[in-house]
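Coordinates in review
Residues per chain are reported as follows:
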Amino acid sequence: MTQDSAAKEQQETVKQEHSHVESHLHHKFNPTQKELKDGDKALELSADHVVVTEADSRRICRLNDYHILSALCLIYWLQVLDKNIIGVTAVFNLKKDIHLVGNEYSTISSIGPYAQIAAQPLGAYLLVRFPVRKLVPILVFCWGASMAGMTAVTDFKGMVAARFFLGWFEASCIPLFQIITVAWYRRAEQPIRVAAWYGTNGLGTIAGALIGWGASHAHTKLHTYQIAFMVCGLLTVIISPMLYFWLDNSPVTARFLSEEDRAKSVERLRANQTGMVNYEFKWAHIQELAIDPKTYLFAILTVLSNIAPNVSNTFGPIILSSIAGMSPSNTVLMNIPFGCMQVVAILSAAWLSYKINSKSIVFALSTIPPIIGTALLYTLPHVKSNVGPLLFGYYLLAFNFAVQPLTYAWVAANTAGQTKKAALVSLCAACSSAGNIIGPNLFKVKDAPNYKPALAGVLGITCAVLALIGMVVLTLMWLNKKKEQERVKNGKPAKLKDLSMSHGFETAAITDDSLGENAFLDLTDFANDEMVYVY
């Protein structure tokens, strides 16, 4: 055979393979009227399996990052700043300025999580019923107004009321961000995107320290807390209306995407099997949530993993001011390295999760530095000669914050059906708040300044988190086995390659025309036999 004829034969083979793929990609799925009514808003666009290349997928993902992820990062940074600035002002005589006595400061600090728990049922309903472009600016404006209103507060009662409203309006932020992330990104892309917006936690810590430090040096009749609250609150209020023009509801209606790219954006998310957007609140999804074993495992995991971060809130001021003998201004500035550590821990954990395609392994690894840090704080005498090792242990606690975005991505990636997903992420947000309430209560005044019983408790809780990670993994493996049996019964392949977790984009429904048609029917993960759980 000549070289030319061999080349022609190879071209013909490639052409035939491409034709085979094209025939499947253009397979027409004709949803019924009931499916169109009950299904996802992306269903009509998904009727044709359009051709999406790897280059298309990367380009659309970059557009999503520029238009959607950037907004999420800014909003979450504002939330962290507004929520945590009270801790900074406490260093600059907040208790004295508003005449707090006894446990009143503790009450002010914990009222926000109580408000967030109370707000979650309504929040879950709002997540389903209201478009993102309308809901987000309203919530951001309201919590910014609450923050700015704290400037005028001069007593305990006023501060409790303002902090309650701040917590109430912030309550749906993280659940809403989980819903948005799932609606725009493939499952393989989600951990890094969640880490990107959650990573602004560290940037919020840094900004809060700088604002507090600057406010303490201002020459004015206003107290430091009033200047800090006013700056943070007004900044949030000013930015809130811009979000209406910045955000889009979903890829189906995205203004920054062409009509062709909207269809491609929907197609590239088909393999997620978790849907995109649906505005009908379905009680059947809530009933399923109640009998789903994942619900209780993820809820307990969220509670326990949110207790440990409170160690840093308690021990940071003790180490920096009481033991090291730093001034209030320097104590606040020393929070900047801790904020940097938070960013590094969060992003590195997300990157590793992406590289090895596993959330559970990275979750478990991320608990090791905090265990070491807590052990150092527990075993070392709290004397000035040990400031270096104690600071090292304190900064290792930053890795406690790396597990949160992994949890958020893990929960959202394994839950389908818009109402079920909204309800579960809202439940986990309530559980996160419960952990934030439990954590500070482990640290009793009678145990100061070493807090040995609390540190021992945190070590035990962290070990329990490790055991719970194993239980979640075993449960997801068991559910995948059940899905395989269900697919065989329905005449589908038992094993499905999870295309949503591949690093390079691979289009769905190439090998079987019937696969991928459940993706946008707003089915729950229990009802969708093509769901593949990830761990």
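Each chain has its residues counted from 1, following the order in which its sequence is written. Where totals are concerned, whole chains, interfaces and linings use all residues; where local detail is concerned, this predicted model gives features only for residues with pLDDT of at least 70, and gives and counts side-chain atom pairs only at 80 or more. Side-chain descriptors were evaluated using all non-hydrogen atoms of the structure, hydrogens and water having been removed beforehand.

We now examine a nonpolar patch on the surface. A contiguous nonpolar patch, built from Leu222, Met230, Leu234, Ile238 and Met242 and spanning about 430 Å² of accessible area, is present on the exposed surface. Examining the composition of the nonpolar patch, we find that three residues originate from one element, helix H11 (residues 224-239), more than from any other. Under the scheme used here, helices are H or I runs from DSSP no shorter than 4 residues and strands are E runs no shorter than 2 residues, and both carry numbers assigned from the N terminus. Mapped onto the elements of the fold, Met230 is located in helix H11. Note that patches include only residues with greater than 30% relative accessible area and no salt bridge, and the join distances are 9 Å for like charges and 5 Å for nonpolar side chains (Val, Leu, Ile, Met, Phe, Trp, Tyr). Surface exposure here means Shrake-Rupley accessible area, sampled with a 1.4 Å probe, where a residue is shielded only by the protein chains that are shown. Whenever a carboxyl oxygen of Asp or Glu lies within 4 Å of a side-chain nitrogen of Lys or Arg, that contact is scored as a salt bridge.

Turning next to the environment of Glu104. For Glu104, the position within the fold is in helix H5 (residues 104-129). For the pair Glu104 and Phe156, spaced 52 residues apart in the sequence, the C-alpha separation amounts to 7.1 Å. For this analysis, residues touch if any pair of their heavy atoms sits within 4.5 Å. Residues contacting Glu104, with those up to four places away along its chain left out, are His99 and Phe156. Polar contacts, as counted here, are pairs of nitrogen or oxygen atoms within 3.5 Å of one another; within protein the pair requires one atom able to donate a hydrogen and one able to accept it, and residues that are adjacent in sequence qualify only if both atoms are side-chain atoms. At 3.0 Å, the side chain of Glu104 and the backbone nitrogen of Val101 are in polar contact.

Every angle, taken between N-to-C directions, lies between 0 and 180 degrees, and every axis is a line fitted to C-alpha atoms, over only the stretch in contact when it is a helix. Following both chains from N to C, one finds helix H3 (residues 54-91) and helix H7 (residues 156-170) inclined at 155 degrees, their axes separated by 11 Å at the closest point. Considering the angle they form, H3 stands roughly antiparallel to H7. Handedness of the H3/H7 crossing: left-handed. Taking contact as the criterion, the partners of Gln79, Asp82, Lys83 and Ile86 in H3 are, on H7, Arg163, Leu166 and Glu170. Split into classes, the residues belonging to the contact of H3 with H7 amount to two nonpolar, one polar and four charged. For this classification, under 35 degrees means roughly parallel, over 145 means roughly antiparallel, 65 to 115 means roughly perpendicular, and everything else is oblique. Helix crossings get a hand from a simple test, with the near helix turned counterclockwise from the far one by less than a right angle marking a left-handed crossing and a clockwise turn marking a right-handed one. For this scheme, ten residues count as nonpolar: Ala, Val, Leu, Ile, Met, Phe, Trp, Tyr, Cys and Pro. Four count as charged, namely Asp, Glu, Lys and Arg, and the remainder, Gly too, count as polar.

Time to look at the nonpolar core. Residues belong to a common nonpolar core when they are buried Ala, Val, Leu, Ile, Met, Phe, Trp, Tyr or Cys residues joined through side-chain atoms within 4.5 Å. Throughout this description, buried means an accessible area under 20% of the type-specific maximum (1.4 Å probe, protein chains only), exposed means over 50%, and partly exposed covers the range between. Among the nonpolar cores identified, the biggest contains 125 residues, and Met159, Phe177, Trp197 and Trp410 are the most heavily contacted of them. Among the elements that take part in this core, H3 stands out by supplying 14 residues, more than any other. Leave out the neighbours within four places in its chain, and Trp410 touches Phe298, Leu301, Lys359, Ser360, Phe363, Ile469, Val472, Val473, Leu476, Val534 and Tyr535.

Once that is clear, we can look at the environment of Ala429. Tracing the backbone through its elements, the reader meets Ala429 in helix H23 (residues 418-441). Take Ala429: its relative accessible area is 12%, and that puts it in the buried class. For the pair formed by Ala429 and Val303, sequence separation is 126 residues and the distance between their alpha carbons is 9.1 Å. Ignoring any residue separated from it by four or fewer positions in sequence, one finds Ala429 in contact with Gln120, Ala171 and Pro175.

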